[in-house]
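Chain by chain, the residues:
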Amino acid sequence: MNDTQLASIPRGMCSVRAYAKINLTLDVLGRRSDGYHELATIMQTIDLYDTICMTIAGDSQMHMTCSREDLSRADNLAARAAQLVRQRVTNAPGLRIELNKRIPVAAGLGGGSSDAAAVLLALRQWWGLDFSQQEMLDMAASLGSDVPFFLTGGLALCEGRGERVTPLAHYWPTTMRWLLLLKPSISISTATVFRNLTSRDYSDGKYTRSACSALSAHTNPKLEDVHNGLERSVLETYPAVKQGRQAMLHAGAPFVRLSGSGPTLFAPFSELAAALQTQQYLQAQGYEVHLACPVQPNMESISVFE
Ligand code: C5P
């Protein structure tokens, strides 16, 4: 595996933004023999982001620091992504990673997965590594089902356990220009949510297929296709999520859906003023609410300094 040689010892620092995502649709097709679930989901990156700053360490070690003390650990997905890269490089230097978390943790917004993908992309660019796209995808998939999506971000169809990514045309529904994200004050384990599913939560992929067709025709998907097969189980198991959903609807949200395995809920708005007003109303009730809009990440998300 140690087959890449650095031409020179990297200097300076590299900073990178790691964007969150929402799931516009999520069909669970069924349980697989390896314990994972077969999915068809449409994901979109949004402008809620973590920032990662990397510098060369004086020693040959990895140092991981996070704005959240409980995530300042060597098993942080960002640190594990850096280790995967370092293992492939013969003369890899020590590395200091600092991660400023803004994306809520274990929330269905892909924060940890996005951090990992951002580290893979940033190290490749900063250290001038000639990893192929397939090597990047393999490293990403070994870190988690959602990580390959974040190598490109934007709008994409993700299949398999989530790791088979097909970018979609850059059309986004006009009725969803602004997104309010309500994060109930609980964290949910993705594994637990998948374990709680029953066969009635499964579908044949029709919601995602239909939404894909609408988006590729540059039309807004039907609201009944904005479906999440994990939502029934999450709403039934976690009263805080049900309460958050009711609060959003009561505040005037036209529509509320769970993102990924939750607990974050999103509501779409076509006008900023209405989204802001609803955000203020919900925040006054003590809810954590973020305002976001869809983004297409580009290479400017990565900054390298001499
Ligand atoms: O791939 P990742 O480590 O993010 O997945 C976390 C857990 O979620 C898995 O261990 C599995 O229990 C569950 N999962 C699943 N089917 C998927 C993705 C995740 O059952 N497609």
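Residues numbered from 1 in each chain as written. Predicted model: local features only at pLDDT ≥ 70, side-chain atom pairs only at ≥ 80, totals over all residues. Heavy atoms only, no water.

What the four strands build is an open sheet, ordered S8-S9-S7-S10; its pairing is antiparallel. Each end of this open sheet is capped by a strand with a single partner; those strands are strand S8 (257-258) and strand S10 (288-292). Across the sheet, helix H9 (residues 272-284) touches strand S7 (178-183), strand S9 (265-269) and S10, and the angle it forms with S10 is around 165°. (Pairing = 2+ DSSP bridges. Helix = DSSP H or I, 4+ residues; strand = E, 2+ residues; numbered from the N terminus. Contact = heavy atoms within 4.5 Å. Axes fitted to C-alpha atoms, helices over the stretch in contact; angles between N-to-C directions.)

Here Ser114 is to be found in helix H2 (residues 111-126). Residue class for Ser114 comes out buried when judged on its relative accessible area of 4%. Not counting chain neighbours up to four residues away, the residues in contact with Ser114 comprise Ala18, Tyr19 and Phe150. (Buried < 20%, exposed > 50% of the residue type's maximum accessible area, 1.4 Å probe, protein only.)

Moving on: the nonpolar core. In this structure, Ile52, Met54, Val85, Leu95, Leu120 and Leu123 are the most contacted members of the largest nonpolar core, which totals 44 residues. A per-element tally of this core places H2 first, with nine residues. Once residues within four sequence positions are removed from consideration, Leu120 is found in contact with Ala81, Val85, Met136, Met139, Ala140, Leu143 and Leu151. In terms of nonpolar packing, the next biggest core, distinct from the first, is built from 27 residues, Leu182, Tyr238, Ala247 and Leu282 among them. (Core = buried A, V, L, I, M, F, W, Y, C linked by side-chain atoms within 4.5 Å.)

Let's shift gears to the pairing of S7. Of all six residues in S7, five are buried; the element is thus mostly enclosed. One ladder, built from five bridges, connects S7 with S9; its direction is antiparallel. The residue bridging Leu181 from the neighbouring strand is Phe266, located in S9. For S7 and S10, the ladder comprises five bridges, and the chain directions are antiparallel.

Residue Gly262 is joined to Pro263 through a cis peptide bond whose omega torsion reads 10°. One non-glycine residue with positive phi stands out, namely Ala106, at about 50°. By the element assignment, Ala106 lies in the loop between strand S4 (95-100) and H2. Since its relative accessible area comes to 40%, Ala106 is described here as partly exposed. Of note, the phi angle at His218 is positive, near 55°, even though the residue is not glycine. Tracing the sequence through the fold places His218 in the loop between helix H6 (206-216) and helix H7 (231-237).

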